[in-house]
Structures are given as structure tokens and as C-alpha cells.
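# Architecture at a glance
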Amino acid sequence: MANAAFTARCVAAGLLWMIIQSVQADDVKRYVVEGSRAAGLSACVEPTELMRRQHMTFIKHQRISTVHEGVRTGKYSLSGCVACHISYDAQQNARPINQPDQFCGACHAYAAVNLNCFDCHASVPNAGTPLTATAIAAHQKAGVTERIQSQTAAGEGH
Amino acid sequence: MKDDHQAITDGIDQGRRYFLIAGATAAAVAPAVLLQTVTAASQATPVTSDVRWGLLIDTAKCMEGCTACIDACCHENGLDLQRPPGGEATSKWAGQQAVWMRKIKLQDNQTGRVTSLPMMCQHCEEPPCMDVCPTGASFKRADGIVMVDRHLCIGCRYCMMACPYKARSFIHQEMHGQLTRVPRGKGCVESCNLCVHRRDHGEDSTACVDACAAEGHHAIIFGDLKNPESRISQTLRELPSRQIREDLTLNTGVRYSGV
Ligand code: SF4
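Conventions used here
The numbering scheme is per chain: residues are counted from 1 as the chain's sequence reads. Chains and ligands are labelled sequentially in the order written, the chains with letters from A and the ligands with numbers from 1. Totals for whole chains, interfaces and linings use every residue, but because this is a predicted model, local features are given only for residues with pLDDT of at least 70 and side-chain atom pairs only at 80 or more, for both listing and counting. The basis for the side-chain values is all heavy atoms of the structure; hydrogens and waters are excluded. Only DSSP runs of H or I covering at least 4 residues are called helices, and only runs of E covering at least 2 are called strands; the numbering of each starts at the N terminus. The rule is simple: take the accessible area with a 1.4 Å probe, protein chains only, and divide by the maximum for that residue type; under 20% is buried, over 50% is exposed, in between is partly exposed. Note on definitions: a residue-residue contact is assigned when non-hydrogen atoms from the two residues lie within 4.5 Å. We define a salt bridge as a side-chain nitrogen of Lys or Arg found within 4 Å of a carboxyl oxygen belonging to Asp or Glu. Axis definition: a line fitted to C-alpha atoms, limited for helices to the stretch in contact. Angles are taken between N-to-C directions and run from 0 to 180 degrees. Here the word oblique covers every angle except those under 35 degrees (roughly parallel), over 145 (roughly antiparallel) and from 65 to 115 (roughly perpendicular). Working rule for handedness: look at the near helix, and if it is turned counterclockwise from the far one by less than a right angle, call the crossing left-handed; if clockwise, right-handed. Buried area is understood as the total, over both parts, of accessible area removed when two parts are fitted together, assessed with a 1.4 Å probe. Side-chain atoms alone can form a polar contact between residues adjacent in sequence; in general such a contact is a pair of N or O atoms within 3.5 Å, and within protein one must be able to donate a hydrogen while the other accepts it. Two strands are counted as paired when DSSP detects at least two bridges linking them. What makes a nonpolar core is a set of buried Ala, Val, Leu, Ile, Met, Phe, Trp, Tyr and Cys residues whose side-chain atoms join them at distances within 4.5 Å.

Turning our eyes to something else, we now look at the overall build of chain A. From N to C terminus, chain A includes eight helices and two strands. From first element to last, N terminus to C terminus, chain A shows the α and β order α-α-α-α-β-β-α-α-α-α. With 158 residues in all, chain A has 28% of them scored as buried. Pairs at least 24 residues apart make up 55% of the contacts formed inside chain A by residues separated by at least 6 positions.

In C-alpha cells, the structure reads:
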């Protein structure tokens with residue numbers, strides 16, 4: 001009898017854990033720009049499971065060929081993360097992606113892993129790198145093109 | 001000088017060169033199509049030693065008091081986004097702030113002749129900064145651009161001491177609002193990288209060259225030192241030019257005429 005109760009408790013705890021997990025997953029998904037490429041796809045440049053665990057390795061390998069060999073077309077680009085996953089406030093200002101409630105920042109806070117990329121790298125899209133045609137289309141759909149173009153013209157870049 | 005230029009152009013695959021020239025002719029026929037292909041190819045393939053990027057600065061055309069190249073460089077590379085740390089004295093900040101280009105005034109004490117010139121990383125073939133770097137962060141790309149890989153730089157500043165041209169700067173404070181094309185953060189060393197993002201995206205000049213031309217001075221020429229047909233090579237053939245501190249035999253990629 002006690003055994004059955006214990007099992008039931010275990011099952012209940014397991015269910016609760018699964019619900020929390022899916023809520024947290026939804027929470028993270030919320031930060032994907034609506035209408036952006038990231039929101040429209042079922043996975044990033046690799047399957048989600050792989051991206052969750054390996055994105056840092058992908059980025060690290062690609063940075064070597066970019067910095068040392070000038071290859072700028074690889075699919076694991078950090079500016080690609082930013083361009084695809086950035087979200088905007090009511091005034092259409094890009095919100096830095098490493099903020100604790102944004103795509104990168106939220107997950108890193110959850111996993112308790114320090115996020116150093118944006119100590120040096122831009123945490124919002126700016127004039128520095130031309131967006132790809134797909135990214136431009138995605139931003140147009142999300143209604144944020146104007147803002148990005150005005151940043152480019154003013155050369156603010158941040 | 002002639003010998004140096006010979007050294008620069010040595011080892012060029014002439015067959016490939018003629019192929020490129022033929023390609024350039026085709027470009028006149030279908031410029032848009034070819035430009036796209038070239039750009040895509042230049043982004044996707046590793047840079048090679050078939051080219052060596054360099055600058056030629058004609059000091060006779062460089063105006064004293066003009067800082068157009070420096071301003072353009074600061075804007076292009078986000079150096080104008082630096083802010084002094086709170087409470088820092090202005091005089092101290094002026095010396096600490098990272099800059100990639102400086103204007104230098106040379107005076108011949110005997111004749112009184114004054115020459116004005118921009119000084120930046122000279123993109124040596126044998127860079128002393130690379131020799132002293134303990135981590136391999138200071139490196140030279142195959143196309144001759146001397147750069148810092150900030151992922152590897154530990155901020156020891158050996159390279160700043162080793163550089164005969166005082167070309168390197170250190171970032172002393174935390175940065176915010178960096179440009180995507182020029183990442184920058186506290187604790188790393190950096191210097192002119194010949195607008196490396198422009199190279200990789202297939203553009204054909206640097207910010208300083210464009211700014212100088214826009215001012216109507218045309219004192220700086222950018223180009224491929226290994227291509228005998230490039231404007232920089234042709235001008236180097238005609239104009240007497242020198243390397244600064246040529247006694248160090250570093251074979252610099254930046255040359256000066258009129259000094
Ligand atoms: S400061 Fe950075 S690039 Fe310069 S020598 Fe030290 S590790 Fe190398």
C-alpha cells in the first residue's frame with residue numbers, strides 16, 4: 001500500500017516536472033521574433049536538441065575560419081543568432097539578446113551559464129553586417145524593417 | 001625599393017593572373033552577374049596568399065591638419081563609440097582611447113621641411129607583434145593582413161611593446177553598443193585590419209581611402225601588391241617610395257612616398 005502511494009507520488013512528481021519543462025520551453029520560445037525566420041521554422045540551422053547542447057561548439061569552430069580565413073558564409077554565425085532571434089519593444093527598439101528576459105539571456109540564466117559572447121559582440125542587429133535576403137524578408141514580415149534601415153542610415157549601429 | 005617590390009610580386013602564378021584578367025574583361029560585359037559571383041566566392045572560400053593587401057600613402061598629397069581618414073576609420077570601426085570611464089580625466093582618456101590611425105608630423109630640422117602623414121599598422125610581412133605573442137592571438141592572414149584574434153588575446157600587451165610603429169591600442173573599459181562588423185571588449189589589443197570586413201565582403205577600398213578621396217586629396221591608394229596590374233603596384237613602379245623603418249627589414253605592406 002505504502003509502495004503504491006510512493007509510486008503515485010513519483011508519477012505525479014514526474015508529470016509535474018514534464019509540465020514545468022514544457023512551460024519553460026514555451027517561455028523560451030516566446031522570445032523568438034514573431035514572423036521572423038526563427039519563429040517560422042521548427043528548428044534552427046540544426047535540430048533543436050543538437051542546437052541546445054552544441055551551439056557553443058558550432059560557433060567556436062566557425063569563428064576560427066571566419067577570423068583566420070575570412071570565410072563569412074558559414075551557417076553557425078553569431079550575428080545570425082542575433083538577426084533571427086532578436087525581439088523588439090513597443091517602440092520597435094531591438095532588445096539586447098543577452099538581457100535576462102531575452103532569447104540568449106533567458107536560457108543562459110536558466111542554465112546558470114555565463115554568457116560572454118556579448119561582452120564584445122553586438123547584442124542587437126546593426127549596420128555592421130548586411131542582413132541576408134531571408135532575414136530581411138523575416139524582418140519585413142515582423143514590421144521592423146524601418147527601424148533597422150534608419151539605424152543603418154544614421155550609422156548608430158547600436 | 002625595386003628589390004622589395006620584386007619580393008612582393010615573386011611567386012605569383014602568372015597563368016592564374018591572366019585568367020583573372022580575362023575575367024575582368026568579362027566583367028565589363030556582364031558586370032552585375034560577375035560581381036555577385038565574385039562576392040559570393042570571396043565570402044565562402046578561405047583567403048589565399050595570391051593577394052597581398054597594402055596601402056601607398058603619397059605624403060605630398062596629405063594635407064596638414066586634415067583628419068578625414070582618422071575620422072572615417074573611427075566611424076567605420078566603431079572607435080567613436082568608446083566612452084571614458086566615469087571620473088576619468090580628459091587628458092588621461094585622450095591617451096588611453098583606442099585609435100587605429102594617427103597623424104604624424106615629420107620635420108627636417110636642417111631644411112625645416114614639414115611632412116604630414118597618417119600612421120597605422122604597417123601590415124609587416126614579418127610582424128614583430130606576431131613573434132612576441134604568447135597565445136597566437138596576434139597573427140597574419142594569408143592575404144597579408146595582420147590582426148588580433150580577440151578570442152585568444154589575453155591582454156598581456158607584449159605586442160604593443162614590440163610594434164615599432166606604436167600601432168596597437170588596448171581596450172581599458174567595458175564596451176556597449178558595439179558594431180556587428182567590429183566586435184570589441186575590455187582587455188584585448190587591436191589595430192588597423194585594413195577594413196577586413198570590407199575585404200571579406202568583396203569591396204575594393206578601405207574607409208580611409210574613401211574619406212581621403214572624398215576630401216579631394218587622393219593621398220592613399222589601397223590594393224593588391226602582388227598584382228602587377230593593380231593601381232597600387234603601377235604607382236609603386238613609378239613613384240619613389242619607402243618603408244618606414246626599412247632598417248628593420250619587416251617588408252611592410254604600407255608604403256610612403258615623399259618622405
Ligand atoms: S596583448 Fe593579446 S595579441 Fe598582444 S601579445 Fe598579448 S595575447 Fe598576443
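All names here are of chain B. Tallied over the entire structure, the rule returns 15 salt bridges over all chains. The closest approach of N and O atoms between Lys105 and Glu64, which form a salt bridge, is 3.5 Å. Linking Lys105 in strand β2 (residues 102–107) with Glu64 in the loop between β1 (53–58) and α4 (68–76), this pair joins segments that are 41 residues apart in sequence. By relative accessible area, which is 55% here, Lys105 ends up exposed.

All names here are of chain B. Packing of α4 against helix α9 (residues 207–214) leaves a shortest axis separation of 8 Å and a crossing angle of 140 degrees. For the element pair α4 / α9, the angle class is oblique. The crossing of α4 and α9 is right-handed. Taken together, the residues of α9 that come into contact with α4 (itself represented by Ala68, Cys69, Ala72, Cys73 and Glu76) are Ala207, Cys208 and Ala211.

A word on the interface of chain B and chain A. Across the boundary between the two partners, chain B contributes 27 residues, which contact 23 residues of chain A. Interface area, chain B with chain A, both sides summed: about 2100 Å², of which 56% is carbon and sulfur. We note a salt bridge from Asp200 of chain B to Arg72 of chain A, for which the minimum N-O separation is 2.7 Å. For the pair chain B and chain A, the number of links is nine residue pairs in polar contact (both at pLDDT 80 or more).

Bringing α4 of chain B into the picture now. An α-helical turn contains 3.6 residues, so any two residues separated by three or four positions project in the same direction. Residues and elements named next belong to chain B. Here α4 lies mainly inside the structure; seven of its nine residues are buried. Restricting attention to buried positions, one finds in α4 the residues Ala68, Cys69, Ile70, Ala72, Cys73, Cys74 and Glu76. On its buried face, α4 is in contact with β2, β3 (114–119), α8 (196–200), α9 and β8 (220–224).

The next point concerns the pairing of β3 of chain B. Across the six residues of β3 of chain B, five count as buried, placing the element largely inside the fold. Where β2 of chain B folds back on β3 of chain B, the antiparallel hairpin that results is connected by six residues, among which Gly112 of chain B adopts a positive phi of roughly 80 degrees.

Residue and element names in this part refer to chain B. At Leu194, a residue that is not glycine, the phi angle is positive and equals roughly 50 degrees. Here Leu194 is to be found in the loop between β7 (189–190) and α8. Here Cys195, not a glycine, exhibits a phi torsion of approximately 45 degrees, which is positive. Tracing the backbone shows Cys195 in the loop between β7 and α8.

This part is about the sheet that holds β8 of chain B. All names here are of chain B. The three strands are arranged β8-β1-β9 in an open sheet whose pairing can be described as mixed. The strands lining the two open edges of the sheet, one partner per strand, are β8 and β9 (254–257). Averaged over all adjacent pairs, the angle separating strand axes in this sheet is 20 degrees, with direction ignored. As defined by bridge partners, β1 adjoins β9 across four bridges and the pair is classed as parallel. Note on β9: the bridge partner recorded for Ile57 is Tyr256. Its contacts with the sheet put helix α10 (residues 231–238) on β1, β8 and β9, and the angle it makes with β8 is roughly 115 degrees.

Turning our attention to the nonpolar core. Residue and element names in this part refer to chain B. Judged by nonpolar contacts, the single largest core of 50 residues is most densely connected at Leu55, Met101, Met120, Tyr165, Leu194, Ile220 and Tyr256. Elements represented by at least two residues in this core include exactly β1, α4, β3, β5 (146–148), α9, β8 and β9. The dominant element in this core, judged by the number of residues it contributes, is α4, at four residues. Apart from residues no more than four positions distant in its own chain, Ile220 is found in contact with Leu55, Leu56, Ile57, Cys69, Cys208, Val209 and Cys212.

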